[in-house]
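What follows is the residue order along each chain.
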Amino acid sequence: MTVTDSPVSSTPREVPDHHVVIVGAGFGGIGAAIELERAGIDDFVVLEKWDGPGGTWRANTYPGVAVDIPSLIYSFSYEQRADWSRVFAPGSELLAYAEDVVERRGLTPRMRFHTTVEEMRFDELEDLWRITTTTADGEERVVTARFVISGIGALERPVMPDIEGIDAFEGTILHTARWDHDVGLTGKRVACIGTGASALQLIPEIADQVAHLDVYQRTPIWVAPKPDHRIGVVERAVLSVPPLRSAARAAGTVTFDVLGNVIFQQRLRPLRAVVEGGIRSWMRRQVDDPETREALIPDYSFGCKRPSMSNAYLRTFNRDHVDLVTTPISSITATGVRTADGEVHEAEVLICATGFRIMSEAEPFPFPVHGRDDVELGRHWLENRFQAYQGVSVAGFPNLFSVAGPYGFVVGSYFWMIEATTKHAVRVIAEAERRGATTAEIRQGPQDRYVKKCRSRQADSPLFGPACATSNTYYVNFQGDSPLRPSLYAEMWWDNRHFPLSHYRYGHPVADSPGDERVAGTRATPMTRRAATTA
């Protein structure tokens, strides 16, 4: 049986509602929308479950929330600004930045807020995605699109702790990613479970309000001093000059790229040892009580777990009404937290700073996605390990692209990845348009070679060895894989802009009727109705 390589003049019987649907109006979705417009593709909409753009920064509004990458480089290269209030902008400012970019770019009319994607299915007869959505009032609607770009980020889907008795707690339960600002903490006994990046920002902010604060730590976190300050008049004047701002941004990008990835990838180990010694010494100087001090010092290498910065977190434990609890939690009672030693720590408010679902077994993807032959993406990853070509596309799932897929993110600014992967996705969509094709699908060979290269680079990293064994890091999932791309930013930038377009297979529609069959002697079916072109 031979499949023709020539374009076919027939078209699918169904015209999709939109050429492209973007899922998510966080910075990933915003970046994808801008990249489409730059390429002259204007038939697209953005589906967003929240009531406005911003993604992570709309979901995470807990006290003290802020970016841990300098604001100068935590922004689009084509939407730079000079009026950041601090070196590390607060969350409210980043949300305002997202809203401002959407407004300035005229993207608001393309946004469909209060719209949650429940399921996606690829229709192989029509070469389009059927996207089932629900609105805030429960109305269900199916939207169709030729192509889909998933702009869903990693730090938005909260994980609640799986602790016996938590449903029986009679007080108030909060998660840092779903903060209820109507809940007052003043004068209350508060328990905070978790000591990751969110807790690091939250705990110093609420310590002044509460009557007592218990902080439950399973794994200590590396904490470095934070070079944060208000951006003054002189600095703002300098940043207002585009060439100077671009130069400062470039310097910051190179510094974070080289140092961050050298440390994360565990290269130049003598340098890492010097960094560890300096940070450990600084951490010890922040805490008065010897026992508490040592309990806060990590026993794993720097870079195994996401390191954070704070000038206040460690000092918070010098306060008489703040206790660090390292005894494991055995259960939650109606009135507090019971630890393994049998003690019940009374609490009126339980704060869960327990992170997010990232490449997890329980929820590999936020909703079911069915590709060719009805293969479900989450199940596919669970059975075959998480994988994607450049973090963007997965073989067997045509016309589907991700902004933040497995092996796509280089340690550093999230915007580095957004600008690289959205450029990748739009290159392929534009090439499909140029060919008159209705499908574009990554070939298995290029995907396998890319994933093999990533895993080979990671093989010698201490991230997977004894140096990180006690870190409990989300950098490594339950399958022993890391979602991070082991490369420098420059390589990611180049590869996503210059990969061979022949790495994708482009398909043309074939009508499901005997007169238009393109495969000799064969009735057109979902598996044979397409004539694949060569690159």
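Residues numbered from 1 in each chain as written. Predicted model: local features only at pLDDT ≥ 70, side-chain atom pairs only at ≥ 80, totals over all residues. Heavy atoms only, no water.

Outline the sheet that holds strand 8 (residues 189-193), listing residues and values.
One key point about sheets: their strands pair by backbone hydrogen bonds, in either a parallel or an antiparallel sense. Taken together, the five strands give an open sheet; going across it, the order is 7-16-8-9-12, and neighbouring strands pair in parallel fashion. Strands with a single pairing partner mark the edges of an open sheet, and in this sheet they are strand 7 (172-175) and strand 12 (322-325). The mean angle between the axes of side-by-side strands here comes to 20°, regardless of whether they run parallel or antiparallel. Two strands pair when backbone bridges link them, and strand 8 and strand 9 (residues 212-216) are joined in this way by five bridges, in the parallel orientation. (Pairing = 2+ DSSP bridges. Helix = DSSP H or I, 4+ residues; strand = E, 2+ residues; numbered from the N terminus. Axes fitted to C-alpha atoms, helices over the stretch in contact; angles between N-to-C directions.)

I'd love a proper account of helix 1 (residues 27-38), names of residues and values included.
With 12 residues, helix 1 should reach 16 Å at 1.5 Å per residue; the first-to-last C-alpha distance of 16 Å fits that figure. Burial within helix 1 is extensive, with 10 of its 12 residues counted as buried. Three or more residues of helix 1 are buried, namely Phe27, Gly28, Gly29, Ile30, Gly31, Ala32, Ala33, Ile34, Glu35 and Leu36. (Expected span 1.5 Å × (residues − 1). Buried < 20%, exposed > 50% of the residue type's maximum accessible area, 1.4 Å probe, protein only.)

Go over the confidence of the model for the protein with me, naming the residues and quoting the values.
Averaged over all residues, the pLDDT of the protein is 88; the fraction at 70 or higher stands at 91%. Contacts of residues 1-10 to residues separated by more than four positions or lying in other chains number 26 contacts, the stretch itself having pLDDT below 50. Under a pLDDT of 50 for its full length, residues 511-535 has, in the predicted model, 71 contacts with residues more than four places off or in other chains. (pLDDT = per-residue confidence, 0-100. Contact = heavy atoms within 4.5 Å.)

So what about the state of the cysteines? Which residues, and what values?
Applying the stated criterion to the full structure yields one disulfide. Residue Cys304 pairs covalently with Cys468 via a disulfide, S to S 1.8 Å. Every disulfide takes its handedness from the sign of the S-S torsion; for Cys304 and Cys468 that torsion is -70°, giving left-handed. Highlighted residues: Cys304 in the loop between helix 8 (290-295) and strand 11 (308-309) and Cys468 in the loop between helix 11 (444-458) and helix 12 (489-498), separated in sequence by 164 residues. Take Cys468: its relative accessible area is 4%, and that puts it in the buried class. Of all cysteine sulfurs, the one in Cys352 lies closest to Cys192, which takes part in no disulfide; the gap is 8.4 Å. According to the relative accessible area criterion, Cys192 is buried, its value standing at 0%. (Disulfide = S-S within 2.5 Å.)

Just give me the short version of the packing of aromatic side chains, but keep the residues and values in it.
Tallied over the entire structure, the rule returns 24 aromatic pairs. Relative to Tyr450, the ring of Tyr389 lies with its centre 5.9 Å away and its plane at 75°, an arrangement referred to as edge-to-face. Of this pair, Tyr389 sits in the loop between helix 9 (377-384) and strand 18 (400-402) while Tyr450 is found in helix 11, placing the two residues 61 residues apart along the sequence. You can call Tyr389 buried: its relative accessible area is 2%. Cluster of aromatic residues (ring-pair linked, three or more members): Phe27, Trp57, Tyr74, Phe76, Tyr78, Trp84, Tyr97 and Phe415. (Phe/Tyr/Trp six-rings, centres within 6.5 Å; stacked < 30°, edge-to-face > 60°.)

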